[in-house]
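The lines below spell out each chain.
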Amino acid sequence: MHPETGEVLATEQEWRAALEVLEERLTPIYRELRPLRAAYAERFPGPELPRRRYRTETQERVARCPRCGQTYADAQTD
């Protein structure tokens, strides 16, 4: 069922047509959103990691360089 019109989408072609219409409407929004998010990331710092002993495995991976494996200089050590 189409979320906006309530129309029943029975065939694959109807599904694809509905998706295409919605994607066309969303494309301009995402074109404006991407540079705005990039500017935000450059202007404001990301969240600080907890002290090393309190980190989860994922947080520990984020604190390390994906290329060389060394911890970043701004990551807190304990």
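Residues numbered from 1 in each chain as written. Predicted model: local features only at pLDDT ≥ 70, side-chain atom pairs only at ≥ 80, totals over all residues. Heavy atoms only, no water.

Enquirer: Quick question: what am I supposed to make of the overall build of the chain here?
Expert: For the chain, the count of helices and strands is 2 helices and 0 strands. For 78 residues, the compact-globule formula gives about 12 Å, and the C-alpha radius of gyration of the chain, at 22 Å, lies well above that figure. For the chain, the spread of C-alpha atoms along the principal axes amounts to about 60 × 25 × 25 Å. In the chain, which comprises 78 residues, the share counted as buried stands at 10%. For the chain, restricting intrachain contacts to residue pairs at least 6 apart in sequence, the fraction spanning at least 24 positions comes to 22%. Carbon and sulfur atoms make up 54% of the accessible area of the chain, which totals about 7400 Å². With 13 positive and 14 negative side-chain charges, the chain shows a spacing of 12 Å between the two charge centroids. (Helix = DSSP H or I, 4+ residues; strand = E, 2+ residues; numbered from the N terminus. Rg over C-alpha atoms; globule rule 2.2 N^0.38 Å. Buried < 20%, exposed > 50% of the residue type's maximum accessible area, 1.4 Å probe, protein only. Contact = heavy atoms within 4.5 Å. Areas by Shrake-Rupley, 256 points an atom, 1.4 Å probe, with all protein chains shown as cover. Lys, Arg positive; Asp, Glu negative; His and termini not counted. Charge placed at Lys NZ, Arg CZ, Asp CG, Glu CD.)

Enquirer: In this structure, what is going on with the environment of E32? I would like to understand it.
Expert: When you line up the elements, E32 lands in helix α1 (residues 12–43). Put simply, E32 and Y72 are 40 residues apart on the chain and 31 Å apart in space, counted from C-alpha to C-alpha.

Enquirer: I would appreciate a short explanation of α1 in the present structure.
Expert: Because an α-helix completes one turn every 3.6 residues, residues spaced three or four positions apart along the sequence face the same direction. End to end, α1 covers 44 Å across 32 residues, agreeing with the expected 46 Å (1.5 Å per residue, within 8%). Of all the bends in α1, the greatest reaches close to 35 degrees and is centred on L26; the proline P28 follows between one and four positions later. (Expected span 1.5 Å × (residues − 1). Bend = angle between axes of the 7 residues up to and from the residue.)

Enquirer: What is the right way to look at the environment of P3 in this model?
Expert: Structurally, P3 is set in the segment before α1. Given a relative accessible area of 71%, P3 falls into the exposed group. C-alpha of P3 to C-alpha of F44: the two residues are 41 residues apart in sequence and 36 Å apart in space.

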